2 protein chains.
Amino acid sequence: MAERVTPDWIAVDWGTTNLRAYAMQGATVLARADSDDGMGKLASDGFEPALMALISGWLEAGPVPVIACGMVGSRQGWVEAPYRSVPCTPLAEKLTTAPTTGDLSVRVVSGLSQSAPADVMRGEETQVAGFLALNPGWDGVLCMPGTHTKWVHLSAGEVVSFQTFMSGELFALISAHSVLRHSLGGDGWDAEAFAAAVSDAMSKPEALAARLFGLRAGNLLHGTGAPVTRATLSGLLIGAELAAARPYWLGQNIAILGMGDQARAYGQALRQQGIEAMLVDTEKATLAGLTAAYRNAKALT
Amino acid sequence: MAERVTPDWIAVDWGTTNLRAYAMQGATVLARADSDDGMGKLASDGFEPALMALISGWLEAGPVPVIACGMVGSRQGWVEAPYRSVPCTPLAEKLTTAPTTGDLSVRVVSGLSQSAPADVMRGEETQVAGFLALNPGWDGVLCMPGTHTKWVHLSAGEVVSFQTFMSGELFALISAHSVLRHSLGGDGWDAEAFAAAVSDAMSKPEALAARLFGLRAGNLLHGTGAPVTRATLSGLLIGAELAAARPYWLGQNIAILGMGDQARAYGQALRQQGIEAMLVDTEKATLAGLTAAYRNAKALT
């Protein structure tokens, strides 16, 4: 149950696995609520009830505008908010209105697409907008670690190009389902093994599938422990990614969106290449982006 | 139920997911039987009943020797058959006897290990022995496609070195569990997309995680079909593997163990590099290897 507050508007970050709502007064968070009603588990008529279950306590003084970003705007979401093609600003002025049964107004932020190489984002564009709102005039490359890590080239307030890597999803798949799953338990971390794996993968990225089996064999034959195995797996994936994303970070001004383990691993790997990246709070960026979208929409009406 | 036959001995190929038994007279197969009682789903006391369920009909004239290879000899199997370290012949004379409750004699073939780079095989050593029995004096490299594809360097009847790649398991994980699972359905195959992906991955193996997400985005933005997506995924994984396994195939005499889709894909990828590889029947090699192990064991007693 959400706290009883009276917001001006409601910010919603709605991804594949989580739904997060914020009761907002201008740019200030009055209350927050979340659930695991992500896009991935909802049918098309399930979005409104899932949202109302979280925010109805905030609507007792009457409906207020809701601004949402993320996979809620995909084809399998509440309403399809069409991709905007880069180069462009991260946010459009126009949002896409979701169908509701009552008098609630829910508007959804569009994702961005790139034709060649084919690429898409949904949700990250709002974080990019928030990052730019918090850091006006910033030019450089934003590294956004996640299931699908994105490298986003920003210049003069526009997204110039971006590239997505499935490294995070590969780490999760290998950890959960592969023959290595028994060798990766716990959350120990060997920083030296990580650094060595980053260097190894940057110079021999083609060896990934052999290195993965080598981790299993090293565990069987030499008793290699989980902290070394986990850090090596992460280093191999991030190292290969850095080798491929070189044009995005070499000689660039870099910020990493995130403060957790994965973001710190990217920071460490970049530090090995002589790059000091600033770490940025993801929730702050998301909320600043949704606030910018709300203000744009309000200015239009 | 197995046919009623009276074998001299019984050959067993017992992997993680399948159990296959053959009633043998010398090197001739009298009957075959199989089940899905693989090592992966059996507790230590489950092996004897699982085997008896398949072969009891073949033992009516009394017990005969059983020779088994594969994961049945792992630490989680029926009995641990210790690894033998390469360089060595693929088969030892001595086998490891599994504990039984009756008078059945079950002996298990040892796997092979390599200390650096750390690597192991179980089951493939028997196929290597069978291949050498069928092709006496053959020197070269055996490519053994599978969940964990192995490249095995053979010289003068010995395994000199080998290297395992998890490419097959990565293909299965990505197909079953990743965001690409919806873009890979059916069994269509685009040979041009495969060839292009092999070349692409050999020259830019570091881009794998980006190419994977690019397949998803290509499906969303450009409607790329499943036959192109599946063949590209396969080509990316096999291409990176060929780049890493180059010392194993460049200028070498190559045979590929297998006749199915995966083996033919490796054959095609090698053909692009100017290598014509012979394709070899896997079951024939396994049975020839188990027959060699049976004869070795018999000569000892």
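Residues numbered from 1 in each chain as written. Chains lettered and ligands numbered in written order. Predicted model: local features only at pLDDT ≥ 70, side-chain atom pairs only at ≥ 80, totals over all residues. Heavy atoms only, no water.

**Description of the overall build of chain A**
In step 1: Across its full length, chain A holds nine helices and 14 strands.
In step 2: Taken over C-alpha atoms, the radius of gyration comes to 21 Å for chain A, in line with the 19 Å a tight globule of 301 residues would show.
In step 3: C-alpha extents for chain A along the principal axes are approximately 65 × 40 × 30 Å.
In step 4: For chain A, the proportion of contacts with a sequence separation of at least 24, taken over those separated by at least 6, is 65%.
In step 5: When the accessible surface of chain A is totalled, it reaches about 12,000 Å², and 51% of it is carbon and sulfur.
In step 6: Measuring between centres, the 21 positive side-chain charges of chain A sit 2 Å from its 28 negative side-chain charges. (Helix = DSSP H or I, 4+ residues; strand = E, 2+ residues; numbered from the N terminus. Rg over C-alpha atoms; globule rule 2.2 N^0.38 Å. Contact = heavy atoms within 4.5 Å. Areas by Shrake-Rupley, 256 points an atom, 1.4 Å probe, with all protein chains shown as cover. Lys, Arg positive; Asp, Glu negative; His and termini not counted. Charge placed at Lys NZ, Arg CZ, Asp CG, Glu CD.)

**Topic: the environment of Asp 200 of chain B**
Residue and element names in this part refer to chain B.
In step 1: Note on placement: Asp 200 falls in helix H4 (residues 191-203).
In step 2: For Asp 200, a relative accessible area of 22% gives the class partly exposed.
In step 3: As for Asp 200 and Gly 188, which are separated by twelve residues in sequence, their C-alpha atoms are 21 Å apart. (Buried < 20%, exposed > 50% of the residue type's maximum accessible area, 1.4 Å probe, protein only.)

**Remarks on the domain arrangement of chain A**
In step 1: By domain assignment, chain A separates into domain 1 (9-122) and domain 2 (165-280).
In step 2: Just the C-alpha atoms count here: the centres of domain 1 of chain A and domain 2 of chain A sit 32 Å apart. (Domains from an automatic or database assignment.)

**Points about the relation of the copies chain B and chain A**
In step 1: Of the transformation placing chain B onto chain A, the axial shift is 0.0 Å and the rotation is 180 degrees, giving an RMSD of 0.0 Å. As the rotation angle and translation indicate, the two copies are arranged about a two-fold axis. No C-alpha of chain B approaches the rotation axis more nearly than that of Pro 205 of chain B, which lies at 3.0 Å.
In step 2: In this assembly, 100% of the residues forming the interface of chain B have copies in chain A that are likewise at the interface, indicating an isologous arrangement. (Least-squares fit on C-alpha atoms with pLDDT ≥ 70 in both.)

**A closer look at the packing of helix H2 (residues 124-134) of chain A against helix H9 (residues 282-300) of chain A**
Residues and elements named next belong to chain A.
In step 1: It is at 6 Å that the axes of H2 and H9 come closest, and there the two elements cross at 90 degrees. Judged by the angle between their axes, H2 and H9 are roughly perpendicular. Facing H2, whose interface residues are Thr 126, Gln 127, Ala 129, Gly 130, Phe 131 and Leu 134, H9 presents Thr 282, Lys 284, Ala 285, Thr 286, Ala 288, Gly 289 and Leu 290.
In step 2: The class makeup of the residues in the contact of H2 with H9 is six nonpolar, six polar and one charged. (Axes fitted to C-alpha atoms, helices over the stretch in contact; angles between N-to-C directions. Parallel < 35°, antiparallel > 145°, perpendicular 65-115°, else oblique. Nonpolar A, V, L, I, M, F, W, Y, C, P; charged D, E, K, R; others polar.)

**A look at the interface of chain B and chain A**
In step 1: On the chain A side, the residues contacting the 39 residues of chain B number 39 residues.
In step 2: The largest per-residue losses of area from chain B upon contact with chain A belong to Met 166, Glu 206 and Phe 213 of chain B, which jointly make up 19% of the total buried on that side.
In step 3: Linking chain B to chain A there are six residue pairs in polar contact (both at pLDDT 80 or more).
In step 4: Mapped by element, the contributors of at least two residues to the side of chain B that touches chain A are strand S8 (112-114), strand S9 (119-121), strand S12 (158-165), helix H3 (167-177), helix H5 (208-222) and helix H6 (226-244) of chain B. (Buried area = accessible area lost by both parts, 1.4 Å probe. Polar contact = N/O pair within 3.5 Å; in protein donor to acceptor, adjacent residues only side chain to side chain.)

**Structural notes on the packing of aromatic side chains**
For any pair of aromatic rings, geometry is given as the distance between the ring centres together with the angle between the planes.
In step 1: Scanning the entire structure with this criterion turns up 14 aromatic pairs over all chains.
In step 2: Taken together, a centroid distance of 5.3 Å and an interplanar angle of 55 degrees make the contact between Trp 14 of chain A and Phe 47 of chain A tilted. Linking Trp 14 of chain A in strand S1 (residues 9-14) with Phe 47 of chain A in helix H1 (residues 47-55), this pair joins segments that are 33 residues apart in sequence. You'll find Trp 14 of chain A and Phe 47 of chain A in the same group, each marked buried.
In step 3: When the ring of Trp 189 of chain B is compared with that of Phe 194 of chain B, the centres are 5.3 Å apart and the planes differ by 40 degrees; the resulting orientation is tilted.
In step 4: Lying over the aromatic face of Tyr 83 of chain A, Arg 122 of chain A brings its terminal NZ or CZ to 4.3 Å of the ring centre. (Phe/Tyr/Trp six-rings, centres within 6.5 Å; stacked < 30°, edge-to-face > 60°. Lys NZ or Arg CZ within 6 Å of the ring centre and 35° of its normal.)

**Describing the packing of H6 of chain B against helix H8 (residues 261-272) of chain B**
Two numbers describe a pair of packed helices, the interaxial angle and the distance between the axes.
Residue and element names in this part refer to chain B.
In step 1: Contact geometry of H6 with H8 gives a least axis separation of 10 Å together with a crossing angle of 60 degrees. Relative to H8, the element H6 lies oblique. Relative to H8, the crossing made by H6 is right-handed. Between H6 and H8, the residues in contact are Ser 234, Ile 238, Glu 241 and Leu 242 and Ala 265, Tyr 266, Ala 269 and Leu 270, respectively.
In step 2: Partitioning the contact of H6 with H8 into residue classes produces six nonpolar, one polar and one charged. (Left-handed = near helix turned anticlockwise from the far one by under 90°.)

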